[in-house]
Structures are given as structure tokens and as C-alpha cells.
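Chain by chain, the residues run as shown.
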Amino acid sequence: MIGWIKQLRGRWNDWCGDHDMETAIRKHLSVNGYFGRTAKLRNVRLVAVQRPGWLQVFRFEATVRVAPERSNDEIPDPEAEYHELYGLVRDDIRHKINVVRVFKSSSERHALFARWSEGLICLRGAYGLCQQEESRS
């Protein structure tokens, strides 16, 4: 019973909840050399919002498989290579614009979050992102 509850909690924790945003993330990963459809998205959280809520910034982490370059069909696929990526999504609902950025290091994500969240209300999900910025000041 406890195992089932832990499994349910893990699935809830990693649930995106916004199909359009999840599709935008997966498409961005696919365009940038990864297998986006099979990416494991984690900790998708709303971290900043502008009143009345049209502009939102989300954070996420992803484990993604690198898509090998196809040069010749006779060569077998190389060993699977996985990357841990840190990402942000800037979602403007008014203009239906999703801007997705992914990084190999969390410090790059922190820098972009500082720019994207300026003038926005930072929420609890941004705790780690805001903490690093405050410690630099």
C-alpha cells in the first residue's frame, strides 16, 4: 500500500498538466537533436506569473536521449546517450506564444530565469531559482 502511494505521489509530482506546453517542450527537444517524444519530464512547476496571469514562466527538468545523426542506414545505432537538461518555458496566453529553452547546467537556467522573471510575481516553485539570485546580491 505504501509503495502504491509513493508511486502515485511520484506520478503526480512529474505530471505536467498542460498538454500544449508539454507538446511545445517535446517539439523543442526533437528539433534540437533529442528524442523529444520519449523524454522524461520532471518537476514541471509554475514559478513566475504576471497579473492577471497571461504571462507565465514554468521550470522543468528532463532526462532525454540524444538522437544519433543518420549518415548511412547500414551502420548500426550507437550506444544510447542520455542528457540531464534544465529548462524554462515562457508562456504568453494572450498571443499563444510558448518559448522553450533548455540548458545542460542549472546556472544557465538561473540566469535566464532572472531575466524572464523581472517584474513578475515569483511563486513557491521558484524557491531554488530565486535563492541563487539573492545569494549573489
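Everything below is about the structure printed above this text.
Scope of this entry: the structure provided in the associated data block. (Residues numbered from 1 in each chain as written. Predicted model: local features only at pLDDT ≥ 70, side-chain atom pairs only at ≥ 80, totals over all residues. Heavy atoms only, no water.)

1. Thoughts on the nonpolar core
Ile25, Leu29, Phe60, Val64 and Val89 are the most contacted members of the largest nonpolar core, which totals 15 residues. For this core, the elements supplying multiple residues, two or more each, are α2 (19-31), β1 (40-50), β2 (55-65) and β3 (82-92). Excluding residues within four positions of it along the chain, Leu29 makes contact with Tyr34, Gly36, Ala39, Val64, Leu85 and Val102. Core analysis: the second largest hydrophobic core is formed by 11 residues, Leu55, Phe103, Trp116 and Leu120 among them. (Core = buried A, V, L, I, M, F, W, Y, C linked by side-chain atoms within 4.5 Å. Buried < 20%, exposed > 50% of the residue type's maximum accessible area, 1.4 Å probe, protein only. Helix = DSSP H or I, 4+ residues; strand = E, 2+ residues; numbered from the N terminus. Contact = heavy atoms within 4.5 Å.)

2. Let's talk about the pairing of strand β4 (residues 97-103)
Where a strand is regular, its side chains alternate between the two sheet faces. By the bridge criterion, seven bridges tie β3 to β4 in an arrangement that is antiparallel. Along β4, the bridge assignment pairs Arg90 with Val99. Count of turn residues in the β3/β4 antiparallel hairpin: four residues, of which Lys96 carries a positive phi of about 55°. (Pairing = 2+ DSSP bridges.)

3. Looking at the sheet that holds β4
The strand order across the open sheet formed by five strands is β4-β3-β2-β1-β5, and the pairing between neighbours is antiparallel. Since the sheet does not close on itself, it has two edges, and those belong to β4 and β5 (121-122), each with one partner. Lying on the sheet, α2 is in contact with β1, β2, β3 and β4; it crosses β4 at an angle near 50°. Sheet strands in contact with helix α3 (residues 106-116) are β1, β2, β3, β4 and β5, and its direction is about 5° off that of β3. (Axes fitted to C-alpha atoms, helices over the stretch in contact; angles between N-to-C directions.)

4. Here's the deal with the pairing of β2
With respect to burial, β2 is a largely interior element, nine of its 11 residues being buried. Two elements, β1 and β2, share eight bridges in a ladder whose sense is antiparallel. Across the sheet, the residue bridging to Gln50 is Leu55, located in β2. Where β2 lies against β3, 11 bridges are found, and the strand directions are antiparallel. Opposite Glu61, over in β3, you have Tyr86 as the bridge partner.

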